[in-house]
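# Observations on the three-dimensional arrangement
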Amino acid sequence: MAILKEKDFGTPASKSDKHVSVTIDGFEVSVPEGTSVMRAAATVGLDIPKLCATDSMNSFGSCRLCLVEIEGRKGTPASCTTPVAEGMSISTQTPRLEKLRRGVMELYISDHPLDCLTCAANGDCELQDMAGEVGLRDVRYGYEGANHFDAPKDESNPYFTFDPSKCIVCSRCVRACDEVQGTLALTISGRAFDSKVALGTEDFFSSECVSCGACVQACPTATLEEKAVIDHGVPNRSVLTTCAYCGVGCSFKAEMRGDQVIRMVPYKDGKANHGHSCVKGRFAWGYATHKDRITQPMIRDKITDPWREVSWDEAIKFAADGLKKAQEKYGRKSIGGITSSRCTAEEVWVVQKMIRTAFGNNNVDTCARVCHSPTGYGLKQTFGTSAGTQDFDSVEDADVIMVIGANPTDAHPVFASQMKRRLRQGAKLIVVDPRKIDLVRSAHIEADYHLPLKPGTNVAVVNAITHVVATEGLMDQSFVDERCDLQSYKEWFDFITDEINSPESVAVECGVDADAIRAAARLYAKGGKAAIYYGLGVTEHSQGSTMVMGMANLAMATGNIGVRGVGVNPLRGQNNVQGSCDMGSFPHEFSGYRGVDNEEVRGSFEQAWQRELDGVPGYRIPNMFDEAIAGHYKGMYVQGEDIAQSDPNTQHVEEALRSLDMLIVQDLFLNETARFAHVFLPGTSFLEKDGTFINAERRINRVRPVMKSATGLEEWEVTQRLANEMGYAEMNYTDASEIMDEIAALTPTFAGVSFERLDRDGSVQWPCNDDAPDGTPIMHVDGFVRGKGAFVVTEYVPTTEKTNRKFPLILTTGRILSQYNVGAQTRRTSNIDWWGEDVLEIHPSDAEARGIRDGHWVSLRSRKGETSLRAVISERMAPGVVYTTFHHPETGANVITTENSDWATNCPEYKVTAVEVAPANHKSDWQEQYELETPSLRQLMDAPKEPAE
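Below or above, wherever it landed, is the structure these notes cover. (Residues numbered from 1 in each chain as written. Predicted model: local features only at pLDDT ≥ 70, side-chain atom pairs only at ≥ 80, totals over all residues. Heavy atoms only, no water.)

## Considering the environment of glycine 615
Note that glycine 615 resides in the loop between helix H21 (599-609) and helix H22 (621-630). With 13 residues separating them along the chain, glycine 615 and arginine 602 place their C-alpha atoms 7.4 Å apart. Among residues more than four places away in sequence, those in contact with glycine 615 are Asn362, Val596, Asp597 and Arg602. (Helix = DSSP H or I, 4+ residues; strand = E, 2+ residues; numbered from the N terminus. Contact = heavy atoms within 4.5 Å.)

Now the structure itself:
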């Protein structure tokens, strides 16, 4: 397959509904009013030469190559900056234009190294293409004058090189950093011959550049070039697939030479990313071929034994025998499993099916338990379905954006760029977060209101906001009367208007000024279309589900549901966390969020799977741990999750894993959970997978294999073999498309989905069925899924995790841009250059009171455990709050977090832990024990293993 080339129309499309007709080189063209002459010509295949123009950015008109002649007008205007007008007659190719264009190209080439044959971009260079297109055959200007050939290269970025000697100062990189990414790390300094691309610092690595790749993508020459292209050559074929990092679900072209991936290029027609990317998706894919990858199955009798490589057959028999032995001794419900939010929907489906059929119980759960399970519960209670309400593009119509407990620029950067573009166009912004995240104030962005609430008081704040809406007459009463359940509304209204929920009543508890709460509430209710975007800072609390319902109450009360620009929108953390939930990975639900206790639903699965199924919900992840320690739960299958690092109260998790007789881990690397495993089944990277990921906007995206599986098996095949070995012979898929066909047959919201449909038409958002044959970008348009929207009384119940004299500070946790989840993937790429260790952010006043200096080691201690890490003094948090990430296993951030969890879903309360911080000169006891048990994963993997027979 050749490289997939997307057409570049030169300038963005006009959104006008009115059309005008023009004549271009004799062709009649009808285009929307406001369309540029360049784009109008391109729609009929008349491509005007260009260098500074590209349709991902606004027209600029600097290169003077796209000149045209317009009948009745003087001069030769630039086609990229000239809009069409009714009746306009345009010529794009005349002797006069040919001469002008060749003259312009001569000037460019006179200050450009003519090393095309040895240039990394040879054959992939727009300057080279345009020189040929305008017929340039010689350059009249000599090379003895001043030039930029000796300008030094900037090699500081690990992924791309900046070679200013080849720069034509077209400003595309500067404009991409501005218009596409919104970071504004680049500018043009100097004038005329002295003009050059400049950074605020001396090199890319130390600058504000976030390495999204937009500048590299925009550059028409080899000035900004991927180092992989320089090292291996220009790719010659591509495969369209989907990124395996966050819940944005960006589409990419994997561009290759032979079987080697050279670069990942964001796909312009990707409905979630529109040709943009972040540092992880664009560059951090090298982990897929990292030397740490385990590609052979391994087993051991005891977790203190060395690993032994075996054949697939032996590994699967060993695993099945261990699981069956546990069931024979401890009962049918003594085993279970956890599905992965990083695997495809099809791979997840097979695991939950295996547990319900071959294992004979509902002991299946997923990582959403520890992140977005309150989203599922809260939105189902209020709206009737467990998913966000909008597509990402909806933000372009928002007038007011409220970001609660989310840090989009770090965790969902591509969507953050889209959000920032809307903010710079004039939308208002409210940030509700304990930290001053970048959106509070950054380049050309400043929040209208930042409510720096005390961690754990989310519900009190949202109730106070809604109290203002309800008591000041700011509700959309007609929406409520028409669309909502009035009995639930009456009960809720009596509750929310009680003075106990007023801003003045909660201000001290929340640490937020009452006037600021009132002002933010008025802006949300009166500012036009208002959208809520939220993250784990909402859900990972003891009242996570209550908070989700509180936001839903607010949206319904103001009528901000069912149209573009509004909604309640969860920003999902992992690439397929939405999909893992959709597939029935919870112990109480089949796919489509239908209860296992529903006889009709269960009957349909029993008929399809030819097995009687349990109608009693199984264990959640916390129950699995507790039952393991109690001696009742003895076997577990863990697909693509590192629960030993990611789940709270690490020492409790480790005790549970040590208590298992059979732990099976399926993953790419020997992760922290594998320290306690008896069987390691190697998994496949996203570059080897065939299936689908479902992103935060319910978009079902195809994932296509770029290379053959390094393990010799598809990941679902491994699970299927295990199910067969456990005695369930009825699982016999031959390819992943058959799995999706079964999903569609058994899940009403997926009834219209198939690989054939997705490959033909592109991605689609569920529900996709007879009622919504083209999918559903916006939910609850004419009515809620549950019928009438339900208001829920959301009483604020303070967390039981309290500060005191012993633990006077609150620890909250989050993510950083360059790293992903537990870091297993990103730490095996050059992204580690930006974030080599987890650190503790602490306010200057708290640091001074404890004698802590910036960069020094500190002890972080809670009632559950202790760890040591470096301190970074920062004013991003309010006094009394400290912050860290969890990307490095040796830090052990979750040694500190407690067993507290959401009342409805058991989602852990990661965001509120009472701690103390003190200067330290040693590692914690847990860290020392960790080092004794696991000197390093590298040593484990390098240790001699008995070969497979």
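From this point, things continue past the structure.
## Description of the packing of aromatic side chains
Inspection of the entire model under this criterion finds 27 aromatic pairs. Residues tyrosine 159 and phenylalanine 283 carry aromatic rings whose centres are separated by 4.9 Å and whose planes lie at 5° to one another, so their mutual orientation is stacked. A residue pair is termed long-range when its members are at least 10 positions apart, and tyrosine 159 in the loop between helix H3 (126-133) and strand E5 (160-162) and phenylalanine 283 in helix H7 (residues 279-283) qualify at 124 residues. On the basis of relative accessible area, tyrosine 159 is assigned to the buried category, the value being 10%. Its relative accessible area of 7% is what places phenylalanine 283 among the buried residues. With a centroid separation of 5.2 Å and an interplanar angle of 85°, the aromatic rings of phenylalanine 160 and phenylalanine 204 are classed as edge-to-face. (Phe/Tyr/Trp six-rings, centres within 6.5 Å; stacked < 30°, edge-to-face > 60°. Buried < 20%, exposed > 50% of the residue type's maximum accessible area, 1.4 Å probe, protein only.)

## Notes on the side chain of serine 646
Summarising the element assignment, serine 646 is placed in helix H23 (residues 643-646). Judged by its relative accessible area of 14%, serine 646 falls in the buried class. When neighbours within four sequence positions are excluded, serine 646 is seen to be in contact with Val822, Asn894 and Tyr910.

## Focus on the sheet that holds strand E15 (residues 364-366)
Strand order in the open sheet formed by seven strands is E13-E12-E27-E26-E25-E14-E15, and the pairing between neighbours is mixed. Of all strands in the sheet, those bounded by a partner on one side alone are strand E13 (308-309) and E15. As paired strands, strand E12 (residues 298-299) and strand E27 (residues 679-682) are joined by two bridges and run antiparallel to one another. Opposite methionine 298, over in E27, you have phenylalanine 680 as the bridge partner. (Pairing = 2+ DSSP bridges.)

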